[in-house]
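Structure assessment
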Amino acid sequence: MWSLKTNLWVKLINEKIKEQIVMYGYYKSPLNPLRITKEGIHLQIEKEGNTLRYVRTSSNESIEKILLTKDCGIIINPIEAQKLHKQVSQYLLIEYEKSVFVEPKDTNNIYLTFPVDIGVFISGRKNYDLLDAFTLARQKYTLYGDPRNGVICKYHKSPVFTSIPNNLNPLVNGVMKLKLINTTDDWIEITKSVFDSHEMKVYFNENLVSMRAHMKILNEKIAETEFVNSGIKRGMKKALEVFEPAKITVSQKKFTMEEGL
Amino acid sequence: MNLDEILGTLSKTIGIIETDRIFPYLFALGMIIFSIVLAKGLSMLLKRYLRDKFDKDRLGILLKGSYYGIIILAVILALPILGINTSGLLVAGGVTGIVIGFASQSIVGNLISGLFIMAERPIKIGSQVEIDKIKGFVEDIGIMSTILRSYDGLYIRIPNEKVFTNNITNISVNIARRIEYTIGIRYSDDANKAIKIISDLIEDHPFVLKKPTPDIYVDALGESSVNIIVKAWAPVTQWYATKKELLWKIKTNLEKEDIHVPFPQRVVWFANEKSDNNDLN
């Protein structure tokens, strides 16, 4: 775990990611007191005596933390959904605005949007940790299945695209490339996909946040979903993960949708 | 001493112990050994089967109880074979058993109920439950009693027999729970507008679940108000906070749009003012 963190940190430092990717990127503090204002988010780190003070205001929410350090780095990048309200749910349900019919024994790619959560990491002494997380996307939850056997999911409604959509705000929405694999001999109608957000692999660049996933349809009511560890375009950077595999017990990487498609 | 003399001595010794007297001892010994093997086997079987249903300490007590119980039973059964009359023991034991049975009826009842609760597991430690009109969090499930911490922080011990024979409502076992309100508005208010305001509020609230779909409708034309029923679901962990927050938001948002919850009212007509009333109509 330590070596993984060290490698990522060293990589980030070596690459000197000082360019500001909209808002995402690496910031050194407090050589210059850090102040970022974007899309209604106001981030600030400033010196206060021998310590630093972190303040973030967004969406009628205000967070203030004291950092017991004189010098640290700040990394801002998109993170897996569900860091916020993680006690409520670890699943993400994307409902399609229009249902999709998949041919028997066929494979097709579609593009969906997903809500972006933003993580603020503190780094220093060859280590990093999550300092704060927030989102500008709309927060809504839903039930997949019945109250006894179902799961609570973060809810997002998405249009269905056949190519990468343009003009998305990377602070609010990302793009998911979803490969639909119909293993059955029937036409299958799909209206939603459910994912285990702990397994998300988020990649980003200057103007796009992305994920890749597969949905394997086993019959007209059951499918398996899983994330693929790569971006949807070349040269995209992998976001730092909050739910690292070593930190949590993961019994399976796939999520089985058993309560309907 | 030659070989003939040795054989003669041995045959005399064996002759003293008659075979019909050895057999019962061997049989009794066999019974006890068999019971030990049986008890061991049963313990292993119970351990394998009940490992997931009982916690370690309680399973240990159960296994030891069954192990020694079988052996004691085998010894009691073996005693008559050895010529020891157990009828007196049985009579004494029976009388004692009746006395103890009456005296410890509730204790045994609690014990058996405790075992059934552990096996059936209608509640778990940490669950929010209502048992016999007592609401709270389950702190512990013992062999004899179940401990609840009520919402106002009281320690409540409920005997297991009472837990087992009463209706148990487990509030937290399902992941979603419904919120239900009855909102009364004036007859002069627009019910459709009120429903729209409530729907928008519900749609905006993150923890009011998108599905199951919320249901909002005019339920009754009451004595003083038009009653609108609001049914919506929330994650069980957020149910209480959402219920509190949403009701007040509904009330304030309705008032912003000049839709008010009326006070109970009654129109009284006086007979000698009939003409005035007719005018009013």
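Because the structure is predicted, anything quoted here is derived from the model rather than measured. Chains are numbered independently. Their residues run from 1 in the order of the written sequence. Note on labels: chains are lettered from A, ligands numbered from 1, in written order. For this predicted model, a pLDDT threshold of at least 70 governs which residues receive local features, and a threshold of 80 or more governs which side-chain atom pairs are given and counted, while totals over whole chains, interfaces and linings are taken from all residues. With hydrogens and water set aside, each side-chain value is computed from the structure's full complement of heavy atoms.

1. Things to note about the overall build of chain B
Scanning chain B from N- to C-terminus turns up nine helices and eight strands. Residue burial is assigned from relative accessible area. The probe radius is 1.4 Å, only protein chains are included, and a residue is buried under 20% of its type maximum, exposed over 50%, and partly exposed in between. Classification of the 281 residues of chain B by burial places 30% in the buried group. Of the contacts made within chain B by residues no fewer than 6 positions apart, 64% connect residues no fewer than 24 positions apart. Surface exposure of chain B reaches about 18900 Å², of which carbon and sulfur atoms provide 62%. A run of H or I in DSSP becomes a helix once it reaches four residues, and a run of E becomes a strand once it reaches two; helices and strands are each numbered from the N terminus. Between two residues, a contact is recorded if the distance between any of their heavy atoms is within 4.5 Å. Computed with the Shrake-Rupley method and a 1.4 Å probe, the accessible areas treat only the protein chains shown as cover for residues.

2. Concerning unusual backbone geometry
Of all residues except glycine, most have a negative phi; of all peptide bonds, most are trans. In this model, Lys 211 of chain B is joined to Pro 212 of chain B through a cis peptide bond whose omega is 0 degrees. With respect to the helices and strands, Pro 212 of chain B occurs in the loop between helix 7 (191-204) and strand 7 (215-221). One non-glycine residue, Lys 105 of chain A, lies in positive phi territory at about 50 degrees. With a relative accessible area of 56%, Lys 105 of chain A lands in the exposed category. Unusually for a residue other than glycine, Lys 133 of chain B sits at a positive phi of about 65 degrees. As for its position among the elements, Lys 133 of chain B is in the loop between strand 1 (128-131) and strand 2 (134-141). On the accessibility criterion, Lys 133 of chain B (77% relative accessible area) is exposed.

3. As for the sheet that holds strand 5 (residues 61-67) of chain A
All names here are of chain A. Read from one edge to the other, the open sheet built from four strands follows the order 2-3-4-5, with strand pairing classed as antiparallel. Strands with a single pairing partner mark the edges of an open sheet, and in this sheet they are strand 2 (34-38) and strand 5. On average, adjacent strands in this sheet sit at an angle of 10 degrees to one another, irrespective of strand direction. DSSP calls a pair of strands paired once it identifies at least 2 bridges connecting them. Axis lines are fitted through C-alpha atoms, for helices just across the contact stretch, and the angle between N-to-C directions can take any value from 0 to 180 degrees.

4. As for the interface of chain B and chain A
Each side of the interface is counted separately: chain B has 17 residues, and chain A has 16 residues. Buried area adds together the accessible area that both of two parts lose upon being put together, with accessible area traced by a 1.4 Å probe. The junction of chain B with chain A conceals about 1400 Å² of combined surface from both sides, 59% of it contributed by carbon and sulfur atoms. For Glu 203 of chain B, the salt bridge goes to Arg 138 of chain A, with nearest N and O atoms at 2.8 Å. As used in this structure description, the phrase polar contact means that two N or O atoms lie within 3.5 Å; if the pair is within protein, one of them must be able to donate a hydrogen and the other to accept it, and residues adjacent in sequence are counted only when both atoms belong to side chains. Put simply, chain B and chain A have 12 residue pairs in polar contact (both at pLDDT 80 or more) between them. Contributing elements (two or more residues each) for the side of chain B that touches chain A: helix 7 and strand 8 (226-235) of chain B. Across the side of chain B that touches chain A, the residue classes tally to 11 nonpolar, three polar and three charged. In the sections that follow, a salt bridge refers to a side-chain nitrogen of Lys or Arg positioned within 4 Å of a carboxyl oxygen of Asp or Glu. Residues were grouped as follows: Ala, Val, Leu, Ile, Met, Phe, Trp, Tyr, Cys and Pro as nonpolar; Asp, Glu, Lys and Arg as charged; and all remaining residues, including Gly, as polar.

5. Quick notes on the UniProt feature "transmembrane region" (unreviewed entry) in chain B
All names here are of chain B. Within this numbering scheme, the UniProt entry marks residues 22-46, 67-84 and 90-117 as carrying the feature "transmembrane region" (unreviewed entry). Split by type, residues 22-46 is 100% helix and 0% strand. Its first and last C-alpha atoms lie 36 Å apart. For residues 90-117, helix accounts for 96% and strand for 0%, while the C-alpha atoms at its two ends are 33 Å apart. UniProt positions are given in the numbering used here, feature names are shortened, and annotations may be inferred rather than shown by experiment.

6. Section: the packing of helix 7 of chain B against helix 8 (residues 239-256) of chain B
Residues and elements named next belong to chain B. Between helix 7 and helix 8, the shortest axis-to-axis distance is 10 Å and the interhelical angle comes to 140 degrees. Of the possible angle classes, the one that applies to helix 7 and helix 8 is oblique. The two elements helix 7 and helix 8 meet at a crossing, and its hand is right-handed. Where helix 7 abuts helix 8, its residues Ala 194, Ile 197, Ile 198, Leu 201 and Ile 202 lie against Leu 246, Lys 249, Ile 250, Asn 253 and Leu 254. Between 65 and 115 degrees an angle is taken as roughly perpendicular, under 35 as roughly parallel, over 145 as roughly antiparallel, and anywhere else as oblique. In this scheme the handedness of a crossing depends on how the near helix is turned from the far one: anticlockwise by less than a right angle means left-handed, clockwise means right-handed.

7. Details of the confidence of the model for chain A
Residues and elements named next belong to chain A. Every residue gets a pLDDT, meaning the predictor's confidence in that residue, from 0 to 100. Of the residues in chain A, 83% have a pLDDT of 70 or more, and the chain-wide mean is 79. Averaged over each element, pLDDT in chain A is lowest for helix 1 (residues 2-15) (46) and highest for strand 11 (residues 141-144) (92). Every residue in residues 9-21 scores below 50 in pLDDT, and together they form 21 contacts with partners more than four places removed in sequence or on other chains. Throughout residues 246-251 the model reports pLDDT below 50, and contacts reaching past four residues in sequence, or to other chains, amount to eight contacts.

8. Concerning empty space enclosed by the protein
Residues and elements named next belong to chain A. Two kinds of site are reported from a 1 Å grid over the protein atoms alone, namely cavities, where a 1.4 Å probe fits but cannot get out, and pockets, open sets with protein on both sides within 12 Å along at least five of seven lines, and residues are called lining when an atom falls within 4 Å of a point. Grid points are joined across faces, edges and corners, and a volume is the space filled by probe spheres set on the points. For the coordinates displayed, the defined rule picks out one cavity of 30 Å³ or more. Its boundaries defined by the atoms lining it, the largest cavity holds a volume of some 30 Å³. Lining of the largest cavity is provided by Asn 109, Lys 177, Leu 178, Lys 179, Arg 212, Ala 213 and His 214. Elements represented by at least two residues in the lining of the largest cavity include exactly strand 13 (173-182) and strand 16 (209-217). Per-class residue counts for the lining of the largest cavity are two nonpolar, two polar and three charged.

9. Focus: a nonpolar patch on the surface
All names here are of chain B. Candidate patch residues must exceed 30% relative accessible area and have no salt bridge, after which like charges are joined if within 9 Å and Val, Leu, Ile, Met, Phe, Trp or Tyr side chains if within 5 Å. On the surface, Val 108, Leu 111, Ile 112, Phe 116 and Phe 164 cluster together into a nonpolar patch covering about 410 Å² of accessible area. Ranked by the residues each element gives to the nonpolar patch, the list is headed by helix 5 (residues 105-120), at four residues. Mapped onto the elements of the fold, Val 108 is located in helix 5. The class for Val 108 is partly exposed, based on a relative accessible area of 41%.

10. A word on helix 5 of chain B
Residue and element names in this part refer to chain B. Helix span is expected to be 1.5 Å times the residue number reduced by one. For helix 5, built from 16 residues, the straight-helix expectation of 22 Å at 1.5 Å per residue is met to within 8% by its first-to-last C-alpha distance of 22 Å. For helix 5, every residue scored as buried is listed here: Gly 109, Asn 110, Ser 113, Gly 114, Ile 117 and Met 118. For helix 5, the angular spread of the buried residues around the axis is 165 degrees, confining them to a single face. Where helix 5 terminates, the next one or two residues include Arg 121, which has phi positive at roughly 50 degrees. This arc is built from the directions going out from the helix axis to the C-beta atoms.

11. Side note on the packing of aromatic side chains
Two aromatic rings are characterised by how far apart their centres lie and by the angle between their planes. Residues and elements named next belong to chain B. Each Phe, Tyr or Trp ring, with Trp reduced to its six-membered ring, pairs with another whose centre is within 6.5 Å; inter-plane angles below 30 degrees give stacked pairs, above 60 give edge-to-face pairs, and intermediate values give tilted ones. Within this structure, the stated rule accounts for eight aromatic pairs over all chains. Measuring from ring centre to ring centre gives 6.1 Å for Phe 23 and Phe 27, while their planes differ by 20 degrees; the resulting arrangement is stacked. Separated by four residues within a single helix, Phe 23 and Phe 27 lie in helix 2 (residues 19-50), roughly one turn from each other. Taking the centre distance of 5.5 Å and the plane angle of 85 degrees together, the rings of Phe 137 and Tyr 151 count as edge-to-face. A residue pair is termed long-range when its members are at least 10 positions apart, and Phe 137 in strand 2 and Tyr 151 in the loop between strand 3 (145-150) and strand 4 (155-159) qualify at 14 residues. Overall, the relative accessible area of 24% leaves Phe 137 in the partly exposed class. Here, a charge over a ring is recorded when the distance from Lys NZ or Arg CZ to the ring centre is within 6 Å and its angle to the ring normal is within 35 degrees. The lysine or arginine in question, Arg 177, covers the ring of Trp 239, its NZ or CZ lying 3.6 Å from the ring centre.

12. Here's the deal with the pattern of salt bridges
All names here are of chain A. Overall, the coordinates contain 17 salt bridges over all chains when judged by the stated rule. Asp 185 is the partner of Lys 105 in a salt bridge, and the nearest nitrogen-oxygen pair spans 3.9 Å. Of this pair, Lys 105 sits in the loop between strand 7 (91-102) and strand 8 (107-115) while Asp 185 sits in the loop between strand 13 and strand 14 (188-196), placing them 80 residues apart in sequence. Per residue, the accessibility class of Lys 105 equals that of Asp 185, and both read exposed. Among the salt bridges present, the one from Glu 224 reaches Lys 254, with a minimum N-O distance of 3.7 Å.

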